[in-house]
2 protein chains.
Amino acid sequence: MAGTRLEEFYKEISADLVRTVQFWLKYSHDDEYGGFFNCLGPSGHVYDDTKYVWLQARQVWMYARLYNEEEQFRKPDIIKAAVRGVEFLQKNAKDPKTCKLCLSLTRQGQPIKIQRSIFSECFYTMALSELYRTTHEQKYKDEAIEMFDKIIYWVREDPTDLRLGLSPLPGVTPVNSMAVPMMLLCVLDQMETMDSSMSENYADVADWSLKQVLNHKQREGSIILENVSPSGEELPGSFGRLTVPGHAIEAGWFLLQFAKKRNDKELKKTAIEDFIVKMFDHGWDTKYGGLFYFLDVDGYSPVQLEWNMKLWWTHNESMISFLMAYQETKDLKMLEKFEQLFDYCYSKHVDKENGEWTGYLNRDGSICMDFKGGPWKGCLHVPRALLMCKQILGEILGK
Amino acid sequence: MAGTRLEEFYKEISADLVRTVQFWLKYSHDDEYGGFFNCLGPSGHVYDDTKYVWLQARQVWMYARLYNEEEQFRKPDIIKAAVRGVEFLQKNAKDPKTCKLCLSLTRQGQPIKIQRSIFSECFYTMALSELYRTTHEQKYKDEAIEMFDKIIYWVREDPTDLRLGLSPLPGVTPVNSMAVPMMLLCVLDQMETMDSSMSENYADVADWSLKQVLNHKQREGSIILENVSPSGEELPGSFGRLTVPGHAIEAGWFLLQFAKKRNDKELKKTAIEDFIVKMFDHGWDTKYGGLFYFLDVDGYSPVQLEWNMKLWWTHNESMISFLMAYQETKDLKMLEKFEQLFDYCYSKHVDKENGEWTGYLNRDGSICMDFKGGPWKGCLHVPRALLMCKQILGEILGK
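What you see is a predicted model, and the numbers here were worked out from it, not measured in a lab. (Residues numbered from 1 in each chain as written. Chains lettered and ligands numbered in written order. Predicted model: local features only at pLDDT ≥ 70, side-chain atom pairs only at ≥ 80, totals over all residues. Heavy atoms only, no water.)

## Things to note about the overall build of chain A
Scanning chain A from terminus to terminus reveals 15 helices and 14 strands. In terms of overall size, chain A behaves like a compact globule, its C-alpha atoms giving a radius of gyration of 20 Å where 399 residues would be expected to give roughly 21 Å. When its C-alpha atoms are laid out on the principal axes, chain A stretches across 50 × 50 × 40 Å. Within chain A, contacts between residues at least 6 apart in sequence are counted, and of these 67% link residues at least 24 apart. (Helix = DSSP H or I, 4+ residues; strand = E, 2+ residues; numbered from the N terminus. Rg over C-alpha atoms; globule rule 2.2 N^0.38 Å. Contact = heavy atoms within 4.5 Å.)

Printed below as a string of structure tokens:
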């Protein structure tokens, strides 16, 4: 059945990509102060003008990527907005001494919050790198390399800058949180688009990150746990038992992409079977459909209040994963899972009238929050998934 | 109808109080390392042994209060556990130099997290003060006064210690968050139980806190906003439009109690009409029953993912508020609201088999998280509400 719907998938996703990009182009640009409005209601109304750095940087990256990879988006407006976005961050979000970026800014650009993590910096690095691909301006490449080197230094050598003056307390358990090595793999993949020397220069980072991600495979390969010890042991308590199915499935396509580059059969198998298929089966809600946000591997109630909600991005990333797995294996079961996700999303998350997806659903699939953009939802997961799925479907269909 | 059910309310609540206290006595004591287990499953199983300082201190306070005010709980076991609890915090959670307490500890007592706020310290002060009422040991009174003076200094004179080395960023909007002056009113009420000189000594703090709470009454008295400017103006964006109905209703009984002490008619009226009744009408979910956790006063989606959940504590605090308002006014409408809350809670939150309440429900009233204790739910709101409601009902019924 799924096999006969490839044209339908391609058509729906292509139309959705246009609607979604239009949404951001139309409503999110702040022509007065630069950067983007992030908090946009169901039909684009700005309900808060705080600017979130993850989302600013991701939108720059997305615009540059769309410009680079889709003829229809190769337009001066898009690249101008991306450049204005990165300039807003350079001017306002980045501490030139430490290279730390803040987490949120006022509309005018004054820093509000800063986080003890590498994520603002990673999204910013990706934005610079993709802008280099578009503009070929050396300054973007140089800054991307400078930032990436700094991030690697923080993660692998000395996290002092990240701590913002607060030493870790004696009860803190050292942790390998999957988000960190995953993020490094993702930035690395981006850096490699700039220059073929990159994969050589960062081969060691790639090996380390890969190993750190694979350490999350626990309990004889039956589950991907979100947090493990630095040496790859399971951690105690709710924190140690936490799974984030959509995040593990996302890691799956990062790994699969990596394995394809290296032509690593064993890694392809691990990515598809352990990260994608098993974690989909673990995370899918058989009662109402959709992926749970958080679960506890031993079946306790997770302690996160939003655990049973259905979030757009976990479904976006899963669509990419299963389509990539299908393209790789030609196994129809992969396409059937994609179909299951497609039908869920196009009946629950998609807004055909206004573009972009409604991000946050209650467990039963009803809308919990109606906005299109919020403090943690911007112009990334939906358009990236639509672009990538369109590309893969296009390849499969020989377009 | 509600008027004829007073005996039933009294009986149900009395039985529930016993069940609930038994739950904590039976499952939460850590006889090996001191303090209390906080993370307890539906029937008492410890699913995580992290110790949360708010909850440790609140349990000490609750045990001491139960010992002081209910003959059936005046037992050596209860007071011994309270003393062991406070000793665990003195030894492990408190920095003797700055008087800052941390937020969470390992089971053995090593600090894990620390927060830039006054709440660990306030709950600890309340615990010390109530223990003084029980034991008459001067050391508890002295430390409670020392802590309270420190807290007032942080809030009103110099917050440097609270900032833990991080200066506020230039984009941060100064804010009067209702939790702070509410908390001070609550601690003050506690301090006054130790000694009649307290209300004189802290009269200035009382006036200031009262004014700061009342500044949250906005839009011509139609709404209580959670965050306002220090000078009492509405703030922009989602943060400024946020309401937490159950929190405003809780502030209502704090104010009403304060007004009763001062015999302040105007304040009684404000407490009941603006904080309790209006915010109940604003926050009640007419479709499924129960109080929404967060709302946006202009009807936008709140940005908190848990906004539409039904939480035990908002209902506990509202039960106290309406019963206290009924006792004060003899207005049957107040008792009817209490009845509405009682019927909601005793069909959704209460666990008659195991004791304690199931805290976190989905919007439709189904159980979202089945545990009885978690990182933010301990031995306070349920037993305090049951104790206070039992006391008020007892007074009304002339028991």
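Now that the structure has been shown, the text picks up again.
## Digging into the relation of the copies chain B and chain A
Both copies of the chain are related by a screw-like operation: a rotation about an axis and a shift along it. After a rotation of 180° and a shift along the axis of 0.0 Å, chain B superposes on chain A with an RMSD of 0.0 Å. When the rotation and shift are considered jointly, the pair of chain copies conforms to a two-fold rotation axis. Interface overlap between copies: 97% of the residues of chain B at the interface are likewise at the interface in chain A, consistent with a symmetric, same-surface contact. (Least-squares fit on C-alpha atoms with pLDDT ≥ 70 in both.)

## A short note on the sheet that holds strand 14 (residues 367-369) of chain A
Residues and elements named next belong to chain A. Taking strand neighbours across the sheet as the criterion, the three strands line up as 12-13-14 in an open arrangement whose pairing is antiparallel. The sheet terminates laterally at strand 12 (310-311) and strand 14, the two strands that pair on one side only. Examined bridge by bridge, strand 12 and strand 13 (residues 360-361) share two bridges and lie antiparallel to one another. From the neighbouring strand, Lys310 faces strand 13, where its bridge partner is Leu361. (Pairing = 2+ DSSP bridges.)

## Points about the interface of chain B and chain A
Residue-level contacts link 38 residues of chain B with 37 residues of chain A. When the area that chain B buries against chain A is broken down by residue, the three leading residues are Tyr47(B), Leu169(B) and Leu305(B), summing to 20%. At the boundary of chain B with chain A, the tally comes to zero salt bridges. Sorting the residues of the side of chain B that touches chain A by element identifies strand 2 (46-48), strand 5 (111-113), helix 10 (237-241) and strand 14 (367-369) of chain B as the ones contributing at least two each. Sort the elements by how many residues they give to the side of chain B that touches chain A and helix 10 of chain B lands first, with four residues. For the side of chain B that touches chain A, the class distribution of residues is 22 nonpolar, ten polar and six charged. (Buried area = accessible area lost by both parts, 1.4 Å probe. Salt bridge = Lys/Arg side-chain N within 4 Å of Asp/Glu carboxyl O. Nonpolar A, V, L, I, M, F, W, Y, C, P; charged D, E, K, R; others polar.)

## Details of helix 9 (residues 203-214) of chain A
Residues and elements named next belong to chain A. An ideal rise of 1.5 Å per residue puts 16 Å on twelve residues; helix 9 measures up with 17 Å between its terminal C-alpha atoms. Listing the buried residues of helix 9 in full gives Val205, Ala206, Ser209, Leu210, Gln212 and Val213. Buried residues of helix 9, viewed axially, fall in a sector of 165°; they line one side. In the core, the buried residues of helix 9 are packed alongside helix 5 (138-156), strand 6 (176-177), helix 7 (179-191), strand 7 (217-218), helix 11 (245-262) and helix 12 (265-283). (Expected span 1.5 Å × (residues − 1). Buried < 20%, exposed > 50% of the residue type's maximum accessible area, 1.4 Å probe, protein only. Arc of directions from axis to C-beta.)

## Comments concerning the confidence of the model for chain A
Per-residue confidence for chain A gives a mean pLDDT of 97, with 100% of residues at or over 70. Model confidence for the complex: the whole-complex pTM is 0.97, and ipTM, which rates the interface, is 0.96. (pLDDT = per-residue confidence, 0-100.)

## Notes on the pattern of salt bridges
Under the definition given, this model contains 74 salt bridges over all chains. For Lys261(A), the salt bridge identified is with Asp189(A), shortest N-O distance 2.5 Å. Highlighted residues: Lys261(A) in helix 11 and Asp189(A) in helix 7, separated in sequence by 72 residues. Of the residues examined, Lys261(A) reaches a relative accessible area of 46% and is grouped as partly exposed. Residue Asp189(A) is classed as partly exposed on the basis of its relative accessible area, which comes to 23%. The salt bridge involving Glu250(B) is made with Arg384(B); its shortest N-O contact spans 3.1 Å. Taken as a pair, Glu250(B) in helix 11 (residues 245-262) and Arg384(B) in helix 15 (residues 381-396) lie far apart in primary sequence, 134 residues in all.

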